[in-house]
Amino acid sequence: MYTLFWEKGSGSIAVQAMLEEMGVSYDRSYVDMEAGEHQKDRYLRKNPTGLVPALKLPDLHIIGESAAIVLHLGEQCSDAQLVPRSDDNERPDFLYWLLFMATTGYTTFGRLGHPERYTQDRTALEAVRLAAEDDVTRFFDVLEGGIKGEPYFLSSGFTALDIYLTMLAGWHPDRSALFQRNPKIAALCTAVESRAAYKKVIADHAE
Ligand SMILES: N[C@@H](CCC(=O)N[C@@H](CS)C(=O)NCC(=O)O)C(=O)O
């Protein structure tokens, strides 16, 4: 049994979608980030980074970092083929793009949502936010160029990359503009969002 530490609309979407696609049993423990629970000792003892998501594994060990969790889960359940095996020729590309999404993409959204964390100059907040907006656009443009399959990212078909990209696209402040500019991303997200697993996760996060 896995336990997912989650908050609505957070990076826990990708982890929960992995668990759903894998068909394994899990429960969820809500971290009320608005109330600051992620910064309190109770949560920091579980995940010292204070970031959500985190996942308790069946052996009770807890790990954080969405990309690490996604990789670990995919490797635990190789039958689901969500993460290419180490001898798969698409594995290097998978790692490349997953880490690009998790490091550059996730962080850029952080800058967009919290410009105050990136400057001590209170008069510069709008400039930081606008720069982040440009970086978000550039980020998705690069992903559009990286998509090899149709509609999914890799030519071998559906993987965790598609889940992760769909989550990030869901955070975009203007999805219709994003989709108009990037038709491959639009098709990929439409395909992922029509999967039963992803639909359930989005419904859970909307409650
Ligand atoms: N690198 C982390 C980023 C996680 C992250 O930034 N999560 C946000 C919620 S979407 C968070 O916990 N923010 C709390 C904070 O920044 O204080 C990951 O991939 O899991």
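Residues numbered from 1 in each chain as written. Predicted model: local features only at pLDDT ≥ 70, side-chain atom pairs only at ≥ 80, totals over all residues. Heavy atoms only, no water.

### Brief notes about the site of the ligand
- Neighbouring residues of the ligand: Ser10, Gly11, Met33, His38, Leu51, Val52, Pro53, Glu65, Ser66, Tyr106 and Arg117.
- Between a nitrogen atom of the ligand and a side-chain N or O atom of glutamate 65, the distance comes to 2.7 Å.
- Class assignment of the residues belonging to the shell around the ligand gives a composition of five nonpolar, four polar and two charged. (Near = heavy atom within 4 Å. Polar contact = N/O pair within 3.5 Å; in protein donor to acceptor, adjacent residues only side chain to side chain. Nonpolar A, V, L, I, M, F, W, Y, C, P; charged D, E, K, R; others polar.)

### Describing the pattern of salt bridges
- Under the definition given, this model contains 10 salt bridges.
- Note that glutamate 75 is salt-bridged to arginine 91, the shortest N-O span being 2.8 Å. Placement of the pair is glutamate 75 in helix 3 (residues 66-76) and arginine 91 in helix 4 (residues 91-113), with a sequence separation of 16 residues.
- Classification of glutamate 75 by relative accessible area gives partly exposed; the value is 43%.
- The partner of arginine 181 in a salt bridge is aspartate 141, with the nearest N and O atoms 2.6 Å apart. (Salt bridge = Lys/Arg side-chain N within 4 Å of Asp/Glu carboxyl O. Helix = DSSP H or I, 4+ residues; strand = E, 2+ residues; numbered from the N terminus. Buried < 20%, exposed > 50% of the residue type's maximum accessible area, 1.4 Å probe, protein only.)

### Some remarks on the domain arrangement of the protein
- Here the protein is partitioned into domain 1 (2-82 + 201-206) and domain 2 (91-195).
- Spacing between the C-alpha centres of domain 1 and domain 2 amounts to 20 Å.
- In this complex, domain 1 contributes 17 residues to the contact, which on the side of domain 2 involves 15 residues.
- Across the domain 1/domain 2 interface, buried area totals approximately 1,200 Å², and carbon plus sulfur atoms make up 67% of it.
- When the buried area of domain 1 at its contact with domain 2 is split by residue, Glu21, Leu71 and Leu82 rank highest and sum to 34% of it.
- Along the contact surface separating domain 1 from domain 2 lie two salt bridges. (Domains from an automatic or database assignment. Contact = heavy atoms within 4.5 Å. Buried area = accessible area lost by both parts, 1.4 Å probe.)

### Focus: the environment of arginine 181
- By the secondary structure assignment, arginine 181 is in helix 7 (residues 175-181).
- Each C-alpha atom of the pair arginine 181 and aspartate 141 lies 8.2 Å from the other, and the pair is 40 residues apart in sequence.
- Apart from residues no more than four positions distant in its own chain, arginine 181 is found in contact with Thr137 and Asp141.

### What to know about helix 5 (residues 125-146)
- Under the 1.5 Å per step criterion, the end-to-end length of helix 5 is 31 Å for 22 residues, consistent within 8% with the ideal 32 Å.
- Those residues of helix 5 lying buried are Val128, Ala132, Val136, Phe139, Phe140, Leu143, Glu144 and Gly146. The buried residues of helix 5 occupy one face: seen down the axis, they fall within an arc of 160°.
- Against the buried residues of helix 5 lie helix 4, helix 6 (160-170), helix 7 and helix 8 (183-193). (Expected span 1.5 Å × (residues − 1). Arc of directions from axis to C-beta.)

### As for the packing of aromatic side chains
- This model, assessed by the stated rule, comprises 11 aromatic pairs.
- Measuring from centroid to centroid gives 5.0 Å for phenylalanine 139 and phenylalanine 140, while their planes differ by 70°, and the two rings are edge-to-face. Of the two residues, phenylalanine 139 and phenylalanine 140, both sit in the buried class.
- Through a chain of ring-to-ring contacts, three or more aromatic side chains come together here, namely Tyr96, Trp97, Phe100, Tyr106, Phe109, Phe139, Phe140, Phe153 and Trp171.
- Over the ring of tryptophan 6 we find arginine 28; its NZ or CZ atom is 3.9 Å from the centre of that ring.
- The ring of phenylalanine 158 has arginine 195 sitting right over it, with the charged end atom 3.5 Å from the ring centre. (Phe/Tyr/Trp six-rings, centres within 6.5 Å; stacked < 30°, edge-to-face > 60°. Lys NZ or Arg CZ within 6 Å of the ring centre and 35° of its normal.)

### Brief notes about the side chain of aspartate 204
- Relative to the assigned elements, aspartate 204 resides in helix 9 (residues 196-206).
- Residue class for aspartate 204 comes out buried when judged on its relative accessible area of 11%.
- The contact partners of aspartate 204, leaving out residues within four places of it in the chain, are Trp6, Gln16 and Arg28.

### What to know about the nonpolar core
- Judged by nonpolar contacts, the single largest core of 58 residues is most densely connected at Met101, Phe140, Leu143, Phe153 and Leu165.
- Mapped onto the domain boundaries, this core takes at least three residues apiece from domain 1 (2-82 + 201-206) and domain 2 (91-195).
- Once residues lying within four places of it in the same chain are set aside, the contact partners of leucine 143 are Trp97, Phe100, Met101, Phe153, Leu165 and Ile185.
- Of all hydrophobic cores here, the second largest spans five residues; its members include Phe5, Val31, Tyr43 and Val52. (Core = buried A, V, L, I, M, F, W, Y, C linked by side-chain atoms within 4.5 Å.)

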